[in-house]
Amino acid sequence: MQPFFNLIRWKNLVMIIIAQVLIKYAFFEHFQTFTTLSNLGFLFLILATVCLAVAGNIINDIYDVETDTINKPDRVLIGKQISEKAAYNLFFAFNIIGIILGFCLSYMIGKSSYFTIFVFISISLYIYASYLKGTVLFGNILISLLVAMSLLIVAIFDLLPVMITENRAFQLVFFDKIFDYAIFAFLINLVREVIKDIQDVDGDYKAGMHTLPIVLGRERATKIAFALSMIPIGAVIYFMATYLYQDVLAISYFLLCIIAPLIYATIKIFGAEHMKDYKHISSIYKLIMFLGILSLLLYPFIFKLSTNV
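Rules used throughout
- Think of each chain on its own: its residues are numbered from 1, step by step along the sequence as written.
- It should be noted that, the model being predicted, local features are given only for residues of pLDDT at least 70 and side-chain atom pairs only at 80 or more, the latter also being counted only at that level, while totals for whole chains, interfaces and linings use all residues.
- Each side-chain value is derived from all of the structure's non-hydrogen atoms; neither hydrogens nor water enter the calculation.
- A run of H or I in DSSP becomes a helix once it reaches four residues, and a run of E becomes a strand once it reaches two; helices and strands are each numbered from the N terminus.
- Atoms counted for the radius of gyration: C-alpha only. Globule rule: 2.2 Å times the number of residues to the power 0.38.
- For each residue, the accessible area found with a 1.4 Å probe, counting protein chains only, is set against the maximum for its type, and the residue is called buried under 20%, exposed over 50%, and partly exposed in between.
- Should any heavy atoms of two residues lie within 4.5 Å, those residues are counted as being in contact.
- In the analysis that follows, any N or O atom pair within 3.5 Å is treated as a polar contact, provided that within protein one partner can donate a hydrogen and the other can accept it, and provided that, for residues neighboring in sequence, both atoms belong to side chains.
- Note on aromatic contacts: the rings of Phe and Tyr and the six-membered ring of Trp form a pair at centre separations within 6.5 Å, being stacked when their planes are under 30 degrees apart, edge-to-face when over 60 apart, and tilted otherwise.
- Side-chain atoms within 4.5 Å are what join buried Ala, Val, Leu, Ile, Met, Phe, Trp, Tyr and Cys residues into a set we call a nonpolar core.
- The axes are straight lines fitted to the C-alpha atoms, using for helices just the contacting stretch, and the angles between their N-to-C directions are given from 0 to 180°.
- Our angle categories are set so that under 35 degrees counts as roughly parallel, over 145 as roughly antiparallel, 65 to 115 as roughly perpendicular, and the remainder as oblique.
- Each crossing gets its hand from how the near helix is turned against the far one by less than a right angle, where anticlockwise is left-handed and clockwise is right-handed.
- Every case where a carboxyl oxygen of Asp or Glu lies within 4 Å of a side-chain nitrogen of Lys or Arg is listed as a salt bridge.
- Any helix carries an expected span of 1.5 Å times its number of residues minus one.
- Charged means Asp, Glu, Lys or Arg here, nonpolar means Ala, Val, Leu, Ile, Met, Phe, Trp, Tyr, Cys or Pro, and polar covers whatever is left, Gly included.

A.B. asks: Whenever I open this one, the overall build of the protein chain confuses me. Can you help?
C.D. replies: Within the protein chain one finds 14 helices and zero strands. Secondary structure of the protein chain in N-to-C order comes out as α-α-α-α-α-α-α-α-α-α-α-α-α-α. Whereas a compact globule of 309 residues would reach a radius of gyration of roughly 19 Å, the protein chain reaches 20 Å, a difference of no more than 12%. Each principal axis of the C-alpha atoms in the protein chain carries an extent, and together these give about 60 × 45 × 30 Å. Looking at the protein chain as a whole, 52% of its 309 residues are labelled buried. For the protein chain, the share of sequence-separated contacts (at least 6 apart) that also reach a separation of at least 24 residues comes to 77%.

A.B. asks: Where do I start with the side chain of T135 in this structure?
C.D. replies: Summarising the element assignment, T135 is placed in the loop between helix 6 (115-130) and helix 7 (138-158). In terms of polar contacts, T135 uses its side chain to reach the backbone carbonyl oxygen of L132, at 2.6 Å. Those residues within four positions of T135 in sequence are excluded, and the remaining contacts are H210 and T211.

A.B. asks: Please explain the packing of aromatic side chains as it appears in this structure.
C.D. replies: On inspection of all chains with the given rule, the structure shows 23 aromatic pairs. Every member of this aromatic cluster is reached through a ring pair, and the members are F27, F28, F31, F34, F170, F174, Y181, F239, Y243, Y253, F254 and Y299.

A.B. asks: What is the right way to read the nonpolar core from this model?
C.D. replies: Buried together is how nonpolar side chains tend to be arranged in soluble globular proteins. Core analysis: the largest hydrophobic core is formed by 101 residues, its most contacted members being F28, L45, I58, F157, F254 and Y285. Residue contributions to this core peak at 16 residues, all from helix 8 (residues 168-199). When residues no more than four places from it in sequence are discounted, the contact partners of Y285 are I188, V191, R192, S229, L262, A265, T266 and I269.

A.B. asks: Before we go on, may I ask you to explain the packing of helix 6 against helix 7 in this structure?
C.D. replies: In the contact formed by helix 6 and helix 7, the axes pass within 10 Å of each other and the chain directions differ by 160°. Between helix 6 and helix 7, the angle is such that the two are roughly antiparallel. For the pair helix 6 and helix 7, the sense of crossing is left-handed. The segment helix 6 lies against helix 7, with I117, F118, F120, I121, S124, L125 and Y128 engaging G139, L142, I143, L146, M149, I153, I156 and F157.

A.B. asks: Whenever I open this one, the pattern of salt bridges confuses me. Can you help?
C.D. replies: Using the criterion set out here, one finds nine salt bridges in the structure. Ionic pairing is found between D180 and K177, a salt bridge with its closest N-O pair at 3.7 Å. Of this pair, D180 and K177 both sit in helix 8, three residues apart, which is roughly one turn of that helix. Overall, D180 belongs to the partly exposed group, its relative accessible area being 25%. The exposure class of K177 is buried, given its relative accessible area of 3%. E193 is the partner of K196 in a salt bridge, and the nearest nitrogen-oxygen pair spans 3.4 Å. Remark: E193 and K196 occur in helix 8; sequence separation between them is three residues, near one turn of the helix. Given a relative accessible area of 6%, E193 falls into the buried group. Through salt bridges that share partners, K24, E29 and D158 make up one connected network.

A.B. asks: Teacher, can you tell me more about helix 13 (residues 275-294) here?
C.D. replies: Side chains three or four residues apart in an α-helix point the same way, a direct result of the helix having 3.6 residues per turn. The first and last C-alpha atoms of helix 13 sit 29 Å apart over 20 residues, in line with the 28 Å expected at 1.5 Å per residue. Residues of helix 13 that are buried in the fold lie against helix 2 (10-28), helix 7, helix 8, helix 11 (218-244) and helix 12 (248-270).

A.B. asks: Please clarify how the packing of helix 12 against helix 13 should be interpreted in this entry.
C.D. replies: The relative placement of two packed helices is expressed as an angle between their axes plus a distance between the axes. Relative to each other, helix 12 and helix 13 sit at 165°, their axes nearing to 10 Å. If you check the angle between helix 12 and helix 13, you find them roughly antiparallel. Considering how the two elements wind past one another, helix 12 and helix 13 form a crossing that is left-handed. Across the interface between the two elements, Y253, C257, I258, P261, L262, Y264, A265, T266, K268 and I269 from helix 12 touch H280, I281, I284, Y285, I288, L291, G292 and L294 from helix 13. Here the contact of helix 12 with helix 13 is built from residues that sort into 14 nonpolar, three polar and one charged.

A.B. asks: What is the right way to look at the side chain of Q20 in this model?
C.D. replies: Relative to the helices and strands, Q20 is located in helix 2. Relative accessible area serves as the criterion here: at 0%, Q20 is assigned to the buried category. Filtering out sequence-adjacent residues up to four positions away, Q20 remains in contact with F42, L45, I46, T49, S150, I153 and V154.

A.B. asks: Even after reading the chapter, I still don't get unusual backbone geometry, so can you show me in this structure?
C.D. replies: In terms of backbone geometry, most residues other than glycine have negative phi values and most peptide bonds are trans. Even without a glycine there, the phi angle at R9 is positive, about 55°. Relative to the helices and strands, R9 resides in the loop between helix 1 (2-8) and helix 2. Residue R9 is classed as partly exposed on the basis of its relative accessible area of 25%. Despite not being glycine, L137 shows a phi value in the positive range, around 70°. Its location among the elements puts L137 in the loop between helix 6 and helix 7. Looking at L137, the relative accessible area reads 27%, which means it is partly exposed.

This is the structure:
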């Protein structure tokens, strides 16, 4: 079972589940927003999202066998511990299950058109793995948008269907806040994707890809990653100054757990030279993403409900 869990990247799936649960129960439910999803409906949403993420991880590994053989030979699973045929069967199975669950969920809440969101995610993950991953920034942007969507999809399915004129302003306060978190996830993942491209440049080059470090060179790509890393720092500082300036605990958490690691990662990018440096930076950004998600736990305890929640 260990090869299977490694293939589906179970740690990333756990992070998705934690994020969605916190959004639903530590944020929406605590502040008694008008919500659509029952516990069963929310379970369908989690399972649909996770199934599509699993399918995306599998197809990504299938197309990455050549590059991973060079970049991460000890982590290659397809063709060694799991056959390519079995991997494709798992890819199709999880895709089908995810889309069916998405259709059932959309039907349950009376928003059949929302089903297209799951179809879009499924198609996008395939296009990313089969083509866009080897292009300059397009793949990085697409996968970062999909990471952001894993957060925003909770607000789309839970808040929008019950939004009416009378509660619109109230609902939008919470939708906008999750949108802010989605932007944060997009920015963090975008920087991390560029870092990972630099880390994998040797294998990607031999595979004929045209990622940013291959087209512009590792040094220029590192400078671009450094510039990109400044954006989430500025975004989080703006968020703190706008929404958190009155709360010492919130400011302390964001300074110590978000800003400090972001600055540390930026400094490490500036001085990165070896592949182990980029691997370390990538791990730091994953930790920052997780700590950012955990900040949702602050809302029930330190914030009073207002239009500036």
